[in-house]
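Read off the chains here:
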Amino acid sequence: MRRIVACVAVAIAATAIASPAQAHERGCYEDYLRDGRTIEVFCDHGRPGRFRAVAHCTNGLGVWDEDGTVGRVRGESSVAECTSLLGYPRVNGYHVDWL
């Protein structure tokens, strides 16, 4: 019984760790730039209009979100950059805010 509980706990932890990096919005695709600190998101399908990429950032000391520029569906991309005064910031996933 303990082994089953331990295996389930490890599986949940592995999924939780891997999930942010696999975040993907339907109709959108991303490109990571500048050593993983910047993400550029393009949306070809989905709601018409504008959107903003929101990068999920980490530097080993904490986690936070950074809003990107405003993009247009089937037009301009949205670029979000992780910045930090301490540690080495990197993108650990993203989501799209539809405007």
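Rules and cut-offs
- Residues numbered from 1 in each chain as written.
- Predicted model: local features only at pLDDT ≥ 70, side-chain atom pairs only at ≥ 80, totals over all residues.
- Heavy atoms only, no water.
- Helix = DSSP H or I, 4+ residues; strand = E, 2+ residues; numbered from the N terminus.
- Buried < 20%, exposed > 50% of the residue type's maximum accessible area, 1.4 Å probe, protein only.
- Polar contact = N/O pair within 3.5 Å; in protein donor to acceptor, adjacent residues only side chain to side chain.
- Contact = heavy atoms within 4.5 Å.
- Phe/Tyr/Trp six-rings, centres within 6.5 Å; stacked < 30°, edge-to-face > 60°.

> Can you tell me about the side chain of Glu-40, naming the residues and giving the values?
Summarising the element assignment, Glu-40 is placed in strand E2 (residues 38-43). Residue classification places Glu-40 among the buried positions, given a relative accessible area of 18%. Polar contacts involving the side chain of Glu-40 include one to the side chain of Ser-77, which spans 2.7 Å. What Glu-40 contacts, discounting residues up to four positions off in sequence, is Tyr-29, Glu-30, Asp-31, Leu-33, Ser-77, Ser-78 and Val-79.

> Lay out the packing of aromatic side chains in plain terms, naming residues and giving numbers.
According to the stated counting rule, one finds 2 aromatic pairs in the structure shown. A centroid spacing of 5.2 Å and a plane angle of 20° characterise the contact between Tyr-29 and Phe-42, whose relative ring orientation is stacked. On the criterion of sequence distance, the pair formed by Tyr-29 in strand E1 (residues 28-33) and Phe-42 in strand E2 is long-range, its members being 13 residues apart. Taking the relative accessible area as the measure of exposure, Tyr-29 reaches 40% and is therefore partly exposed. On the basis of an interplanar angle of 55° and a centroid distance of 5.9 Å, the ring pair of Phe-51 and Trp-98 is categorised as tilted. Pair noted here: Phe-51 is in strand E3 (residues 50-58) and Trp-98 is in strand E6 (residues 90-98), with a separation of 47 residues, a long-range link. Looking at Trp-98, the relative accessible area reads 23%, which means it is partly exposed.

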